[in-house]
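Per-entry structural report
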Amino acid sequence: MSNRYSAWALVRGAFARHANWPAAWRDASPKPAYDVIIVGGGGHGLAAAYYLAKNHGITNVAVVERGWIGGGNTGRNTTIIRSNYLYPESARLYDFSLRQYERLSEELNYNVMVSQRGLVLLAHSRHDLDAMSRWANAMRMNGVDAELIGRDELASRVPGLDLSPRARIPVLGGFVQRRAGTARHDAVAWGYARAASALGVDILQNCEVRGFVTSDGRVTGVDTNRGRIAAGRIGIAAAGHSSVLAALAGFRLPVTSYALQALVSEPVKPVLDTVVLSPGTGAYLSQSDKGELVIGAMLDLFPSYAQRGSFAITQSILAGVLAMFPAYARLKMLRQWAGIVDVVHDSSPIIGPTPVPGLYINCGWGTGGFKGIPVGGWTLAHVLATGENHPLAEPFQLDRFTNGRLIDEAAASGIAH
Ligand SMILES: Cc1cc2nc3c(=O)[nH]c(=O)nc-3n(C[C@H](O)[C@H](O)[C@H](O)COP(=O)(O)OP(=O)(O)OC[C@H]3O[C@@H](n4cnc5c(N)ncnc54)[C@H](O)[C@@H]3O)c2cc1C
């Protein structure tokens, strides 16, 4: 009965010319003061606002976004979600996030199109095989699913992958995290925005923070292009511009900003039903529901705020993809773009207090913070509401750069994004 009803609603909607749809979130104007302001209307900022309201009952909250929500990296990424890290601290953090993703559509009553199609990592050498068996075993010891797979299973899981003796880049095996996959990036931002707004959060777009107001050393508000707004506590979730905002507040962050680029091909019939990542070439790809191949790259290895991405990386990534999948050689590329990502020396995020009392930060997710949106929002909301670090975020404090307790996922698992 309910199926017939929704099919009818769908047909009616198709002929309704999309008229009179209610706005998904309120178009708010800035109030003079809020209990909490969050700077940055990407996934992390919106999720933090939602969890402040939902988990802590704090609803006098504004998300202040200089452009439009999801217009930063949240709307620019290649949408991969996974929890294949090496250290226990990272496994706990990212697997909590993946588990939130698994129930996010239901939680937000918004289809974020989570597709657990699996993530296959390719080993191109004996050394890769050794590193991957260590990596997969560490994941299993941390309670995260991982399975080593051989060439036979690769042949059936990844059609089109060149496993022939002539292959330019040999593939010896790999491992798979079956619970990994993709989610729809815009929907994650919009779903959190709608749910937060429904709980009373104000979403202020076209509102750029240009300075922080302090009193007796404590932050008490922000100066914006739409005027001064006071706040009891402030959280920053402005990936790509965290150090710019930190400088405005008078402290430095151990982050460097780089462009990270991606491309999509013209749409084709279904050819790939998993995510494939080749750490050796720096390339990874999946196929979107529209049929486009979504291809991700490694960082442009020079600091920059130009959201373009260099041609050298575009070329080397496409060369890597074609060496592995020669049959894709005639695909046309439709679009190429980049986002600015803030990278920390140990490739792990920072979530917690800053040197300025009342000011908290969530940053440093580098090339992999889309998958971290639920946990980043959850833990930032916790510290903003209680003043105490959430246990999941405790190892990810700024002080690890002075006490040396780094969680070096770059060196350990070679995570590139
Ligand atoms: C090409 C590419 C591919 C990626 N692929 C993946 C992937 O497959 N999987 C994955 O997990 N991660 C991926 N990432 C990383 C991921 O996109 C980011 O880590 C994540 O989106 C960060 O979310 P955020 O909410 O912190 O930042 P953003 O979405 O960037 O939001 C920050 C917001 O802050 C705003 N802002 C900045 N300065 C100010 C100011 N002064 N005042 C007000 N607002 C301000 C910006 O306009 C922006 O909207 C990728 C990134 C890129 C660029």
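Computed from a predicted model, the values in this text were never measured in an experiment. (Residues numbered from 1 in each chain as written. Predicted model: local features only at pLDDT ≥ 70, side-chain atom pairs only at ≥ 80, totals over all residues. Heavy atoms only, no water.)

**So, the site of the ligand**
For the record, the criterion: In these notes, residues near a molecule or strand are those with any non-hydrogen atom within 4 Å of it. Distance and chemistry together define a polar contact, namely a pair of N or O atoms within 3.5 Å, with one atom able to donate a hydrogen and the other to accept it when in protein, and with adjacent residues in sequence counting only for side-chain atoms on both sides. Only the protein chains shown count as cover for residues, and the accessible areas themselves come from Shrake-Rupley with a 1.4 Å probe. Where helices and strands are cited, they refer to DSSP runs of H or I of at least four residues and of E of at least two residues respectively, numbered from the N terminus.
The immediate surroundings of the ligand are formed by 37 residues, with Glu65, Asn73, Thr74, Thr78 and Lys371 found nearest. Between an oxygen atom of the ligand and a side-chain N or O atom of Thr78, the distance comes to 2.7 Å. Burial of the ligand by the protein amounts to 97% of the accessible area it has alone, namely 1000 Å². Among the elements of the structure, helix H2 (43–56), strand E12 (255–265) and strand E16 (333–344) are those that each provide at least two residues to the shell around the ligand. Per-element accounting of the shell around the ligand gives the leading share, three residues, to E12.

**Focus: a nonpolar patch on the surface**
Under the convention used in this document: Patch membership requires more than 30% relative accessible area and the absence of a salt bridge. Residues of like charge join within 9 Å; the nonpolar side chains Val, Leu, Ile, Met, Phe, Trp and Tyr join within 5 Å. Within this document, salt bridges are pairs made up of a side-chain nitrogen of Lys or Arg and a carboxyl oxygen of Asp or Glu, the two lying within 4 Å of each other. Each residue gets one of three labels from its accessible area relative to the maximum for its type: buried under 20%, exposed over 50%, partly exposed in between, using a 1.4 Å probe on protein chains only.
A cluster of nonpolar residues, Trp8, Val11 and Phe15, forms a patch on the protein surface that exposes about 370 Å² of accessible area. Looking at the element boundaries, Phe15 is found in helix H1 (residues 2–15). The exposed category is assigned to Phe15, whose relative accessible area is 68%.

**Looking at the side chain of Ser257**
Stated formally: By definition in these notes, contact holds between two residues if any of their heavy atoms fall within 4.5 Å.
Relative to the helices and strands, Ser257 resides in strand E12. By relative accessible area, Ser257 is classed as buried at 6%. Side-chain polar atoms of Ser257 contact the side chain of Tyr305, separated by 3.3 Å. Here Ser257 is in contact with Gly240, Ser243, Pro303, Ser304, Tyr305, Ile340, Val341 and Asp342, once residues within four sequence places are set aside.

**Regarding unusual backbone geometry**
Residue Asn109 is not a glycine yet carries a positive backbone phi of 50 degrees. Of note, Asn109 is situated in the loop between helix H4 (104–108) and strand E4 (119–123). The exposure class assigned to Asn109 is exposed, which follows from its relative accessible area of 60%.

**As for the domain arrangement of the chain**
Test applied: Throughout the structure description, domain borders are defined by an automatic or database domain assignment. In short, buried area is how much 1.4 Å probe accessible area vanishes from two parts on joining, totalled over both. Each residue receives one of three labels: charged for Asp, Glu, Lys and Arg, nonpolar for Ala, Val, Leu, Ile, Met, Phe, Trp, Tyr, Cys and Pro, and polar for the others, Gly being one of them.
When the domains of the chain are assigned, the result is domain 1 (27–110 + 184–253 + 346–412) and domain 2 (119–180 + 257–344). Between domain 1 and domain 2, the residue contacts involve 35 residues of the former and 31 residues of the latter. Summed over both sides, the interface between domain 1 and domain 2 buries roughly 2400 Å², with carbon and sulfur atoms accounting for 55% of that surface. Considering only the side of domain 1, the residues that lose the most area to domain 2 are Arg76, Thr78 and Asn84, jointly responsible for 25% of the buried surface there. Here domain 1 and domain 2 share two salt bridges between them. Applying the counting criterion to the domain 1 and domain 2 interface returns 14 residue pairs in polar contact (both at pLDDT 80 or more). Secondary structure elements with two or more residues in the side of domain 1 that touches domain 2: strand E3 (80–81), helix H3 (88–102), helix H8 (242–249) and helix H11 (400–403). When residues of the side of domain 1 that touches domain 2 are assigned to their parent elements, the largest contribution, six residues, is made by H3. In the side of domain 1 that touches domain 2, the residues fall into 15 nonpolar, 13 polar and seven charged.

**Brief notes about the sheet that holds E12**
The test is simple: Paired strands, as defined in this entry, are two strands with at least two bridges between them according to DSSP. Comment: axis = line fitted to C-alpha atoms, over the contacting stretch for helices; angle = value between 0 and 180 degrees taken between N-to-C directions.
The eight strands lie next to each other as E5-E6-E4-E13-E14-E15-E12-E16, forming an open sheet whose pairing is mixed. Only two strands of the sheet have a single neighbouring strand rather than two, namely strand E5 (147–149) and E16. Each neighbouring strand pair of the sheet contributes to a mean axis angle of 25 degrees, computed without reference to strand direction. Examined bridge by bridge, E4 and strand E6 (residues 173–177) share five bridges and lie antiparallel to one another. If you follow Ala123 over to E6, its bridge partner there is Gly173.

**Section: the pairing of strand E15 (residues 293–303)**
Looking at chain direction, E12 and E15 are connected through five bridges and run antiparallel. Its bridge partner being in E15, Val264 is matched across the sheet by Val294. In this structure, the hairpin formed by strand E14 (residues 283–287) and E15 is closed by a connection of five residues, where Gly291 is found at a positive phi of approximately 105 degrees.

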